[in-house]
Amino acid sequence: MPYVTSTRTSTASTDVRTGFGIPGYAHPLLAPTEWGELTRPGTPLHWVVLNVADGPGSRPDPHCLEAAGRLRNAGVRVLGHLDSTYGARTFGELVSDAQRYLDWYQVDGFLLDRCPTERGSLPEIRRTVTTLRAIRDDAHIVLGHGTHPYPGYAETADQLVTFAGPWSDYRWSQVAEWTADHPPERFCHFVHGLPRPHLDEALRIARWQGASTIYFTDRTDRGGRTDPWETMPGYWDEIVSRIGTGVSE
C-alpha cells in the first residue's frame with residue numbers, strides 16, 4: 001500500500017500510545033455534548049484546542065473559561081488557538097493573542113494553526129515559538145502545517161501536524177522520509193470525511209506513518225464551507241474504545 005514505507009517499518013512494534021488531539025470544537029454553548037465528553041474518565045486525550053472566536057476573542061468568555069477549567073482540573077492539556085494565516089499574521093498579533101489566552105484561560109500551550117511550511121519562514125516561526133515559551137513556562141507547542149514542512153520545523157516545536165485533510169487524500173498519502181528521525185509522539189494527523197468502515201485502515205495508516213496524536217471524523221468540510229472539526233464524529237464511542245484498548249495491526 002502507498003502509505004507503508006521502509007522508513008516506518010519499526011513503528012508498528014513500539015509501545016507509543018495513540019491518543020486524540022482535538023483541533024477545536026465549536027463554542028461550548030453550541031457543542032455542549034462534545035465538551036462534556038472530553039472529561040469522561042479514560043478518554044485518551046493528548047490535548048484539546050480552545051478556539052473562542054478565531055482566537056481568544058475580545059474579552060473573557062465565561063462559558064469557555066468553565067469548559068477549559070473542567071478539562072484542566074481533569075488533567076487534560078488545553079491549547080490556545082493561534083492563526084498564523086501561513087505567515088501573514090504579525091509576530092506582535094500572535095503574541096498578543098497568546099497573552100490573552102494565558103491571562104483569561106490559563107492555557108498550557110498553543111496550536112499555531114495554518115503554519116508556514118517553507119524554509120524561509122522558519123526563523124520567524126522559531127522567534128514566535130521562543131517567545132511563547134518565554135511567556136508560558138513548559139508551554140506545549142504544536143505547529144499546524146497540515147502537510148510535511150521543511151524538516152527544520154521539527155526542532156522548533158513539540159509536535160507538528162503533518163496531515164490535515166480528507167480521507168480521500170489520506171488513504172493514499174505517503175510519509176516524508178525525514179520523519180523517521182523522530183518518534184511518533186512528535187506528529188499529528190487530522191482526517192475528516194472518514195467513513196466508519198475505513199476506521200481500522202486509517203488507524204493503521206497513522207500507526208505506520210508514525211503519528212501518535214490523531215483526530216478522525218466522519219464529518220466533512222462540504223467543499224470548504226464548514227469546519228469538520230466543530231462536532232464530534234458519529235463513531236466517537238467506537239474510536240475511543242479502540243484507541244483506549246490499543247490499536248491492532
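Higher on the page you've got the structure.
As a starting point, this report considers the structure included with it.

About the criteria used
Residues numbered from 1 in each chain as written. Predicted model: local features only at pLDDT ≥ 70, side-chain atom pairs only at ≥ 80, totals over all residues. Heavy atoms only, no water. Helix = DSSP H or I, 4+ residues; strand = E, 2+ residues; numbered from the N terminus. Rg over C-alpha atoms; globule rule 2.2 N^0.38 Å. Buried < 20%, exposed > 50% of the residue type's maximum accessible area, 1.4 Å probe, protein only. Polar contact = N/O pair within 3.5 Å; in protein donor to acceptor, adjacent residues only side chain to side chain. Contact = heavy atoms within 4.5 Å. Pairing = 2+ DSSP bridges. Axes fitted to C-alpha atoms, helices over the stretch in contact; angles between N-to-C directions. Salt bridge = Lys/Arg side-chain N within 4 Å of Asp/Glu carboxyl O. 1 Å grid on protein atoms, 1.4 Å probe; cavity = no way out; pocket = protein on both sides within 12 Å on 5 of 7 lines; lining within 4 Å. Points joined across faces, edges and corners; volume = space filled by probe spheres on them. Nonpolar A, V, L, I, M, F, W, Y, C, P; charged D, E, K, R; others polar.

### Quick word on the overall build of the chain
Next, step 1: For the chain, the count of helices and strands is seven helices and eight strands.
Next, step 2: Relative to a compact globule of 249 residues, whose C-alpha radius of gyration would be 18 Å, the chain shows 17 Å and is just as compact.
Next, step 3: Taking the principal axes of its C-alpha atoms as reference, the chain extends roughly 50 × 40 × 35 Å.
Next, step 4: Within the chain, buried positions represent 53% of all 249 residues.

### Digging into the side chain of His27
Next, step 1: Along the polypeptide, His27 turns up in the loop between strand S1 (19–22) and helix H1 (32–37).
Next, step 2: Taking relative accessible area as the criterion, His27 reaches 18% and is therefore assigned buried.
Next, step 3: Among the polar contacts listed, one links the side chain of His27 to the side chain of Asp61, at a separation of 2.8 Å.
Next, step 4: Excluding its chain neighbours within four sequence positions, the residues that come into contact with His27 are Trp35, Val52, Asp61, His63 and Cys64.

### Quick word on the sheet that holds strand S5 (residues 140–144)
Next, step 1: Strand order around the closed barrel formed by eight strands is S1-S2-S3-S4-S5-S6-S7-S8, with parallel pairing between neighbours. When the angles between neighbouring strand axes are averaged without regard to direction, this sheet yields 25°.
Next, step 2: In this structure, S1 lies alongside strand S8 (residues 213–216), joined through two bridges in parallel fashion. The residue bridging Phe20 from the neighbouring strand is Ile214, located in S8.
Next, step 3: Packing of helix H3 (residues 91–105) onto the sheet brings it into contact with strand S2 (45–50), strand S3 (78–83) and strand S4 (109–113), and relative to S3 it is tilted by some 155°.

### Structural notes on the pattern of salt bridges
Next, step 1: This structure, assessed with the given rule, holds 16 salt bridges.
Next, step 2: Residue Arg89 is joined to Glu93 by a salt bridge in which the shortest nitrogen-to-oxygen separation is 3.3 Å.
Next, step 3: Residue Glu93 is classed as partly exposed on the basis of its relative accessible area, which comes to 37%.
Next, step 4: When salt bridges with common partners are traced through the structure, they connect Arg89, Glu93, Asp97 and Arg100 into a single cluster.

### What about the environment of Thr162?
Next, step 1: Secondary-structure assignment places Thr162 in strand S6 (residues 159–166).
Next, step 2: Here the alpha-carbon distance between Thr162 and Asp181, two residues 19 residues apart in the chain, equals 14 Å.
Next, step 3: Ignoring sequence-local partners within four residues, the contact set of Thr162 consists of Gly146, Thr147, His148, Pro149, Phe187, Cys188 and His189.

### A closer look at the layout of surface pockets
Next, step 1: Looking at the largest pocket, its volume works out to about 840 Å³.
Next, step 2: What lines the largest pocket is a set of 32 residues, and nearest its centre among them are His81, Asp113, Arg114, Asp227 and Trp229.
Next, step 3: If you list the elements that add at least two residues to the lining of the largest pocket, you get S3, S4, S6 and strand S7 (187–192).
Next, step 4: Taken together, the residues of the lining of the largest pocket sort by class into 14 nonpolar, 11 polar and seven charged.

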